[in-house]
Amino acid sequence: MKAKKNVFFLLLLSLMLVLSACSGGNSSTPTNGNTNAGSGDGEEVAGQEGGELVYVVPSDAPTLDPHGMNDTATTNVTTQLFDRLTAYEADGTVIPSLAESWEAVDETTWEFKLRDDVKFHDGTDFTADAVKMTIERIIDPEFASPRAVVLNMITEVVVVDDYTVQFKTEKPFAPLPAHLAHNAGSIIAPSAIEEENNGGKKVDENPVGTGPFVFGSWNRGAEIVLNKNENYWNGAPALDSVKFVVNAEQSTRVAQLEAGEAHVIQVGASDVARVEGLESAGIELTRVRGTRMDYLGFNMEKEPFNIKEVRQAISMAINKNDIVDGILDGQGVPAVGPLAPTVVGNYQDLEPLGYDVEAAKALLAEAGFEDGFETTLFVNEGSKERADIALLAQDQLSKIGIKVNIETIEWGAFLEKTGAGEHELFILGWTTVTADADYGLYALFHSSAFGAPGNRSFYANDRVDELLDLARSETEQSKRDEAYKEISEILVDEAPMVYLQHPDFIYGTNGANGLFVDFSGTPYFHGVKLN
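Residues numbered from 1 in each chain as written. Predicted model: local features only at pLDDT ≥ 70, side-chain atom pairs only at ≥ 80, totals over all residues. Heavy atoms only, no water.

### Regarding the overall build of the protein chain
Summing up its helical and strand segments, the protein chain has 16 helices and 22 strands in all. For the protein chain, the C-alpha atoms occupy an extent of roughly 70 × 60 × 45 Å along the three principal directions. A burial count over the protein chain gives 60% of its 531 residues as buried. Residue pairs in contact within the protein chain that sit at least 24 positions apart in sequence constitute 71% of those at least 6 positions apart. Here the protein chain has roughly 19,000 Å² of accessible surface; of this, 45% comes from carbon and sulfur atoms. When the 39 positive and 83 negative side-chain charges of the protein chain are each reduced to one mean point, those points stand 1 Å apart. (Helix = DSSP H or I, 4+ residues; strand = E, 2+ residues; numbered from the N terminus. Buried < 20%, exposed > 50% of the residue type's maximum accessible area, 1.4 Å probe, protein only. Contact = heavy atoms within 4.5 Å. Areas by Shrake-Rupley, 256 points an atom, 1.4 Å probe, with all protein chains shown as cover. Lys, Arg positive; Asp, Glu negative; His and termini not counted. Charge placed at Lys NZ, Arg CZ, Asp CG, Glu CD.)

Rendered as structure tokens:
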């Protein structure tokens, strides 16, 4: 067993996990901006104490329950309210957070030593019992969390003592520490879970965590206010509060940043040049080459998208370079497959379905649609880039005889409709938050993840399922890479979606310093100060 454990830890190294944190003796605290007052480099941040930071966002969070929805808007808010056992450094390295250290006891058992100085927002102690209650909640099939896929490899949570917890998995699962750093691993106060279970307020209305900010108020559809956690275990934030203000108009968000009405916005790629021109006025840009893949998805349970040749034809009729060079103004790279080059286990030497209008017409004719057909494309409001991509797709697909009607939908309703399979075509993105191929592929393409968990294409392939399950339990990274290579080749051929591009994450700040954005594009406000 000792030799096998050595192989196991070599895999952890290849996944950018910090072995010193896994030795059982490390009690260090995070040094980056995602959990303390640093900016990612450990330097003191200039600015003043206090004040309210205004973050203008394109859409409201559908829920404040970190287990309730698998979307960016939810993550961006709940990340400030809840901590996780582990966290990510800027380079993707997994570091301690609520857990001081961890180790693989054997191939199917992980043991985590917890901090003993942490309290929830309600004043109760953070203990192993809270970890057990939280993890059992998210993996409970009856609760049916859309995020269960992140942690459903856990079969049992064992409380060893107040500050030691073990996770049992059915098969070896090397990336578990990285998965626990995902927002799905947010630890919820037992009091909030018990109140929900007893028929009281749901966690959505009562989000009690251990994070640097405490829930203040929520005017649904308009704004969310989070207040400073004075007793935060890793040092109270400098800010008094953070206000998430909803504005669906991208150009207006940029104008608000320029006018100083917004301290932070995520800048759309098409607006980067405009914001760069404002840098002399004190506006700064933060760029992150991330792990995201944007795509045009098919509902494979609806005709004619159950026909491979139709999906291939659509893939070949859309020019990805027009998206990256035109709509995104070069802020990203065209996708050859589902995984970004920054993801561990990615295979970039794929033979993509290249842009070829005549070949696309021939494929449509072969599928019995020589005269084309009419369809509807769902796009969520709040993103100029996605709206522009929809228009480009509409134009380019018309050249092969497909008439595309575009329907713009509010974010929460968009997620509900595509999760329920009410769509034909849709534009969405998927960020590999763990930086490991398992998360980048399993939720999107495993047949067990239909709908809200991620597989909104309703794609099912026995061989892909088999390979995804194999790669989850394999302890040799080279064998995992082989499995992901074959999966990627199958997915390019079967085209359950059009893999469009891997965009950069770009944030603009005005009057604020110390913003940390991780490789998944999530902003952290604990280390921010206002000028």
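### Comments concerning helix α9 (residues 308-317)
Note that an α-helix has 3.6 residues per turn; residues three or four places apart therefore point the same way. Within α9, eight of the ten residues are buried, which leaves the element mostly enclosed by the surrounding structure. Buried within α9 are the following residues: Val310, Arg311, Gln312, Ala313, Ile314, Ser315, Met316 and Ala317.

### So, a negative patch on the surface
Together, Glu249, Glu381, Glu410 and Glu416 make up a negatively charged patch on the protein surface. Mapped onto the elements, Glu381 comes out in the loop between β15 (373-380) and α12 (384-398). The exposure class assigned to Glu381 is partly exposed, which follows from its relative accessible area of 32%. (Patch = residues over 30% accessible without salt bridge, like charges linked within 9 Å, V, L, I, M, F, W, Y side chains within 5 Å. Salt bridge = Lys/Arg side-chain N within 4 Å of Asp/Glu carboxyl O.)

### Focus on the pairing of strand β9 (residues 223-228)
Moving residue by residue along a regular strand, the side chains alternate between the two faces of the sheet. Pairing of strand β8 (residues 213-219) with β9 involves six bridges; the strand directions are antiparallel. Pairing of Asn219 across the sheet is with Glu223, part of β9. Connecting the antiparallel pair β8 and β9 is a turn made up of three residues, with Gly221 showing a positive phi of about 85 degrees. (Pairing = 2+ DSSP bridges.)

### Brief notes about the confidence of the model for the protein chain
Looking at the protein chain as a whole, its pLDDT mean stands at 90, while 92% of the residues score no less than 70. Taken together, the stretch residues 1-41 has pLDDT below 50 and engages in 114 contacts with residues farther than four places along the chain or on a different chain. (pLDDT = per-residue confidence, 0-100.)

### Quick word on helix α13 (residues 411-419)
When α13 is considered as a whole, its buried residues turn out to be Trp411, Gly412, Phe414, Leu415, Thr418 and Gly419. All buried residues of α13 fall inside an arc of 160 degrees around its axis, so they share one side. Next to the buried residues of α13 lie α2 (72-81), β15, α12, β16 (402-409) and β17 (425-431). A distance of 2.9 Å separates the backbone nitrogen of Gly412 from a side-chain oxygen at the start of α13, and that oxygen is part of Glu410. (Arc of directions from axis to C-beta. Polar contact = N/O pair within 3.5 Å; in protein donor to acceptor, adjacent residues only side chain to side chain.)

### Some remarks on the pattern of salt bridges
As enumerated under the stated definition, the model contains 26 salt bridges in all. When the shortest N-O distance is used, the salt bridge between Arg480 and Asp436 registers 3.0 Å. Residue Arg480 is located in helix α16 (residues 477-494), and its partner Asp436 is located in the loop between β17 and α14 (437-445); the two are separated by 44 residues in the primary sequence. Residue Arg480 shares its accessibility class with Asp436, and that shared class is buried. Among the ionic pairs, Glu486 bridges to Arg463, the shortest N-O distance being 2.9 Å.

### Some words on unusual backbone geometry
Along the chain, Glu303 connects to Pro304 via a cis peptide bond; the corresponding omega equals 0 degrees. With respect to the secondary-structure elements, Pro304 resides in the loop between β13 (292-298) and α9. The phi dihedral of Ala144 falls on the positive side, at around 55 degrees, and the residue is not glycine. Following the sequence through the fold, Ala144 ends up in the loop between α3 (128-139) and α4 (148-151). Here Asp329, not a glycine, exhibits a phi torsion of approximately 55 degrees, which is positive.

### Some words on the environment of Asp161
Its place among the elements puts Asp161 in strand β6 (residues 154-161). Linking Asp161 and Ala128, residues 33 residues apart in sequence, is a C-alpha distance of 7.0 Å. There is a polar contact of 2.9 Å between the side chain of Asp161 and the backbone nitrogen of Tyr163. In terms of polar contacts, Asp161 uses its side chain to reach the backbone amide nitrogen of Thr164, at 2.9 Å.

### Some remarks on the nonpolar core
Ranked by internal contacts, the top residues of the largest apolar core, which has 141 residues, are Leu53, Leu85, Phe112, Phe167, Leu296 and Phe525. Examining the composition of this core, we find that seven residues originate from one element, α14, more than from any other. Leaving out residues up to four positions away in the same chain, Leu53 has contacts with Leu239, Ser241, Val242, Lys243, His263, Val264, Ala512, Phe525, Val528 and Leu530. Judged by nonpolar contacts, the second largest core, of 14 residues, contains Val245, Leu257, Leu285 and Ile506. (Core = buried A, V, L, I, M, F, W, Y, C linked by side-chain atoms within 4.5 Å.)

### A word on the environment of Tyr295
Secondary-structure assignment places Tyr295 in strand β13. For the pair Tyr295 and Val498, spaced 203 residues apart in the sequence, the C-alpha separation amounts to 5.5 Å. Ignoring any residue separated from it by four or fewer positions in sequence, one finds Tyr295 in contact with Phe426, Ile427, Leu428, Gly429, Trp430, Leu444, Met497, Val498 and Leu500.

### Structural notes on the packing of aromatic side chains
In total, this model carries 18 aromatic pairs according to the counting rule given. The interplanar angle of 40 degrees and the centroid separation of 6.4 Å between the aromatic rings of Tyr55 and Tyr507 together place this pair among those described as tilted. Separated by 452 residues along the polypeptide, Tyr55 in strand β1 (residues 52-57) and Tyr507 in strand β18 (residues 497-510) bring together distant segments of the chain. You can call Tyr507 buried: its relative accessible area is 0%. When the ring of Tyr295 is compared with that of Phe426, the centres are 5.5 Å apart and the planes differ by 85 degrees; the resulting orientation is edge-to-face. Here Phe426 lies in strand β17 and Tyr295 lies in strand β13, a separation of 131 residues in the sequence. Overall, Tyr295 belongs to the buried group, its relative accessible area being 1%. (Phe/Tyr/Trp six-rings, centres within 6.5 Å; stacked < 30°, edge-to-face > 60°.)

### A word on the sheet that holds strand β7 (residues 164-169)
Read across the open sheet, the four strands follow the order β4-β5-β7-β6; overall the sheet is antiparallel. With one partner strand each, in any of the chains shown, β4 (99-106) and β6 form the two edges of the open sheet. Averaged over all neighbouring strand pairs, the angle between strand axes comes to 20 degrees, with direction disregarded. Contacting β5 (109-114), β6 and β7, α3 crosses the sheet at an angle of about 170 degrees to β6. (Axes fitted to C-alpha atoms, helices over the stretch in contact; angles between N-to-C directions.)

### With respect to the side chain of Asn319
Structurally, Asn319 is set in the loop between α9 and α10 (320-327). The exposure class of Asn319 is buried, given its relative accessible area of 13%. Residues contacting Asn319, with those up to four places away along its chain left out, are Tyr355 and Gln396.

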